[in-house]
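# Results of the structural survey
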Amino acid sequence: MLRGATRGVVRRWSTSSGPSLSTSFATTAICLSARTKKGDKVNQSTDRINYNDKYSFSDIPDPEHINYRRVTANDLEHECNPPRRVKMLVRDFIEDSLYNPHYGYFSKQATIFTAVEPLNFNRVKNMSEFEAEVAKRYAEYGVDGDGPGKQIWHTPTELLKPWYGRALARSLVSEYLLKYFPYEDFVVYEIGAGNGTLALNMLDYLQEEYPDVYERTRYNIIEISENLANLQRQKLQTAHPCVTIHNKSIFRWDVREPAPCYFVAMEVIDNFAHDIIRYDLRTLEPYQGLVTVDANGDFSTYYTKITDPLINSFLDLRQYLQHPPPIYRLLELSPKFRTFYANLPFSPNLSPPEFIPTRLLTLLRTLRRHFPRHRLLLSDFSSLPDTIPGVNAPVVQTRYQNTTVPCTTLLVKQGYFDIFFPTNFERLRDMYEHILAQPLPSADLAQQVPRVTPLGTTASPLAEGNTFFSSYHPKTRRPPVDGVASSSGLPVGERKSAVFSHAEFMKTYADLGRTRLRSGENPLLDTYENVKFLF
């Protein structure tokens, strides 16, 4: 079963299968609507699972929706209960459901699987025995009672510790030694550090293997959850005084880090909120999706012309990078065919819902603005099964009586369901490199204070002389930064990021002998086949 949860599926653990449960969650409201004729009233429980399968301009929302208050996830931070009689963008609905301090999923429900002692992989016979051992450790969390169960999920950091974390540390320190040691400190920022296990494993590795680097290490954790931030302090700050915990959202980060640094994001962006857009198939005009919550706590969706600047920015960037929208090529090229298609019986007037990573775009801009000399190490799911309908759609699931229950809709009770997305890593790489290549706003440039460092240059800017010997600039390198030399002292720019499969990355940096089973199988390579790295 573990193989199903990690190799072919997701990080969230399921101890048994329950198709009937999944069906009941998904169809509760369908049955209600099928039995209700227009004008009938149904006694609705305010705590039931809501369902809405209608995505069309012909769906007329409740007239009261016009008067509902428009809110964002930030507006709802001080609410102790999910709001009523409001409307919001889809990304705000997702963000509120996952991160609200009072009722959000990660604030109140989620528990990270943590093994007290790491597995001795060399003594495990084969993958079947490995899966059985992990299942045994999950069983120690006990049996769920009535109502929503314990929202337990595992990460490769916890499952494969300490060797997973040591592999990541090796990837970072190898580049640091080549480029910056001993002239710059080893500065690391990690977001979404969970229980702090990854930071602990990385710092233990540095302390044991590279004590000179450890003495120059500054490890920063940016954590949105107050509970997890407290747990990280207890675990890390006594053992490693170089750790600093910042209890805030990365989207509210406002401190500039002028030094070279490494930015780590392991299984974080899958829970970043997305927006929904749909295209009018007659005009190909995109529309933004909104969620409304009525007085009973029931959800509806409707679509309006795009007014949100972040959605507009993402669509403009996608067009610039020539990433095609998810529309049939013939519909995109031929207005006549679009008219013909729209007039066919039962043809939809909207394209399928597409989930676009607007919050991920915000992260990339934050990195460019506040961490101008960072190196990004990021890993997450590149594909997922059991997603809800739509393009780049998420998995929406919960646990009920020790069974993972996947849903078929995004519109579920806030705080009780995990919502996580796959990432197209090739498109992410293109977006990331394009944003890093953009100049900073003039206001940010005016506030920059020059840093005095042995690696800096005092001659004319590197950009002026980067074509002195040759006009050729490698496509695998970024444009040079003024005043910053490469490790060779030449103005060739930083190496661009590349995409690796999970196995490719681990073959390069991990000590594979430590995780090899007696059968020759290796969980560090054989699991998480739906995960990729950007580095």
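Bear in mind that the values here come from a model prediction, so they are computed numbers and not experimental data.

### Thoughts on the overall build of the protein
Per the secondary structure count, the protein includes 19 helices and 18 strands. Of the contacts made within the protein by residues no fewer than 6 positions apart, 74% connect residues no fewer than 24 positions apart. When the accessible area of the protein is evaluated, it comes to approximately 25300 Å², of which 52% is carbon and sulfur surface.

### A few points about the sheet that holds strand 17 (residues 499–501)
The mixed open sheet is built from seven strands, whose spatial order is 7-6-5-8-13-18-17. A strand with exactly one partner marks an edge of an open sheet, and here the two such strands are strand 7 (243–247) and strand 17. Each adjacent strand pair in this sheet contributes to an overall mean axis angle of 20°, direction not counted. Sheet strands touched by helix 10 (residues 226–236): strand 6 (217–223) and strand 7. Its angle to strand 7, the strand with the most contacts, is close to 170°.

### Overview of the packing of helix 7 (residues 163–179) against helix 18 (residues 502–509)
Where helix 7 meets helix 18, the axes come as close as 9 Å, and the angle between the chain directions of the two elements is 70°. When the axes of helix 7 and helix 18 are compared, the pair comes out roughly perpendicular. On the side of helix 7, the interface is formed by Tyr164, Ala167, Leu168, Arg170, Ser171 and Ser174, while helix 18 contributes His502, Phe505, Met506 and Tyr509. Across the contact of helix 7 with helix 18, the residue classes break down as six nonpolar, three polar and one charged.

### Section: the sheet that holds strand 14 (residues 395–400)
Strand pairs in the sheet, formed through backbone hydrogen bonds, run parallel or antiparallel to each other. The three strands are arranged 15-14-16 in an open sheet whose pairing can be described as antiparallel. Of all strands in the sheet, those with a lone pairing partner are strand 15 (403–406) and strand 16 (418–420), marking the two edges. Strand-to-strand, the axes of this sheet are offset by a mean angle of 30°, without reference to chain direction.

### Notes on the packing of helix 7 against helix 8 (residues 197–209)
Helix 8 packs onto helix 7 with a crossing angle of 60° between their chain directions and a minimal axis gap of 8 Å. In terms of their interaxial angle, helix 7 and helix 8 are classed as oblique. Both helix 7 and helix 8 take part in a crossing whose hand is right-handed. Across the interface between the two elements, Gly165, Arg166, Leu168, Ala169, Arg170, Leu172 and Val173 of helix 7 pack against Leu198, Asn201, Met202, Tyr205, Leu206, Glu208 and Glu209 of helix 8. Grouping the constituent residues of the contact of helix 7 with helix 8 by class yields eight nonpolar, two polar and four charged.

### Details of the packing of aromatic side chains
By the definition in use, this model includes 21 aromatic pairs. On the numbers, 5.2 Å between centres and 75° between planes, the contact of Phe93 with Phe299 is edge-to-face. You can see Phe93 sitting in helix 3 (residues 90–99) and its partner Phe299 sitting in strand 11 (residues 299–305), a full 206 residues away along the chain. Taken as a pair, Phe93 and Phe299 share a single burial class, namely buried. Summarising the aromatic geometry, the rings of Tyr176 and Phe186 are spaced 4.9 Å apart at their centres and angled 45° between planes, so their arrangement reads as tilted. Of this pair, Tyr176 sits in helix 7 while Phe186 sits in strand 5 (residues 186–191), and the two are 10 residues apart along the sequence. Comparing Tyr176 with Phe186 shows no difference in burial state: the two are buried. Connected via pairs of aromatic rings, a cluster forms that spans Phe500, Phe505, Tyr509, Phe533 and Phe535. Across from the ring centre of Phe251, 4.3 Å away, lies the NZ or CZ of Arg359, which sits over that ring. Over the ring of Phe535 we find Arg375, and its NZ or CZ is 5.8 Å from the ring centre.

### Some details on helix 11 (residues 309–320)
Compared with an ideal rise of 1.5 Å per residue, which puts 12 residues at 16 Å, helix 11 spans 16 Å between its outermost C-alpha atoms and is within 8% of the ideal. Listed as buried for helix 11 are Leu310, Ile311, Phe314, Leu315, Leu317 and Arg318. An end-on view of helix 11 places all buried positions within 160° of arc, on one side of the element. Of the exposed residues in helix 11, the ones pointing more than 90 degrees away from its buried face are Pro309, Gln319 and Tyr320. Two or three places before Leu310, at the start of helix 11, stands the capping residue Asp308, its side-chain oxygen 3.3 Å from that residue's backbone nitrogen. Two residues or fewer after helix 11 comes Gln322, characterised by a positive phi angle close to 60°.

### Some words on the side chain of His240
By the element assignment, His240 lies in the loop between helix 10 and strand 7. Its relative accessible area of 0% is what places His240 among the buried residues. At 2.8 Å, the side chain of His240 forms a polar contact with the side chain of Asp204. Those residues in contact with His240 that lie beyond four places of it in its chain are Leu200, Leu203, Asp204, Gln207 and Tyr214.

### Regarding unusual backbone geometry
A cis amide bond links Lys161 with the next residue in sequence, Pro162, at an omega value of -5°. Examined against the element boundaries, Pro162 turns out to sit in the loop between helix 6 (156–159) and helix 7. Pro182 follows Phe181 through a cis peptide bond whose omega is 5°. The backbone of Arg85 shows a phi angle near 55°, a positive value even though the residue is not glycine. Turning to its location among the elements, Arg85 is positioned in the loop between strand 1 (69–70) and strand 2 (86–89). A relative accessible area of 39% places Arg85 in the partly exposed class. Of note, the phi angle at Asp386 is positive, near 60°, even though the residue is not glycine.

### Focus on the pattern of salt bridges
Enumeration over the complete set of coordinates arrives at 18 salt bridges. Of the charged contacts, one joins Lys161 and Glu158 as a salt bridge, the two residues approaching to 3.8 Å between their closest N and O atoms. On the basis of relative accessible area, Lys161 is assigned to the buried category, the value being 12%. Judged by its relative accessible area of 4%, Glu158 is buried. A salt bridge links Arg216 to Asp185, with the nearest nitrogen and oxygen atoms 2.9 Å apart. Here the residue Arg216 occupies a position in the loop between helix 9 (211–214) and strand 6, and Asp185 occupies one in the loop between helix 7 and strand 5, the gap between them amounting to 31 residues. The exposure class of Arg216 is partly exposed, given its relative accessible area of 25%. Here the salt bridges share partners, and the residues they tie into one network are Glu175, Lys179, Arg375 and Arg495.

The rules behind these values
- Residues numbered from 1 in each chain as written.
- Predicted model: local features only at pLDDT ≥ 70, side-chain atom pairs only at ≥ 80, totals over all residues.
- Heavy atoms only, no water.
- Helix = DSSP H or I, 4+ residues; strand = E, 2+ residues; numbered from the N terminus.
- Contact = heavy atoms within 4.5 Å.
- Areas by Shrake-Rupley, 256 points an atom, 1.4 Å probe, with all protein chains shown as cover.
- Pairing = 2+ DSSP bridges.
- Axes fitted to C-alpha atoms, helices over the stretch in contact; angles between N-to-C directions.
- Parallel < 35°, antiparallel > 145°, perpendicular 65-115°, else oblique.
- Nonpolar A, V, L, I, M, F, W, Y, C, P; charged D, E, K, R; others polar.
- Left-handed = near helix turned anticlockwise from the far one by under 90°.
- Phe/Tyr/Trp six-rings, centres within 6.5 Å; stacked < 30°, edge-to-face > 60°.
- Buried < 20%, exposed > 50% of the residue type's maximum accessible area, 1.4 Å probe, protein only.
- Lys NZ or Arg CZ within 6 Å of the ring centre and 35° of its normal.
- Expected span 1.5 Å × (residues − 1).
- Arc of directions from axis to C-beta.
- Polar contact = N/O pair within 3.5 Å; in protein donor to acceptor, adjacent residues only side chain to side chain.
- Salt bridge = Lys/Arg side-chain N within 4 Å of Asp/Glu carboxyl O.

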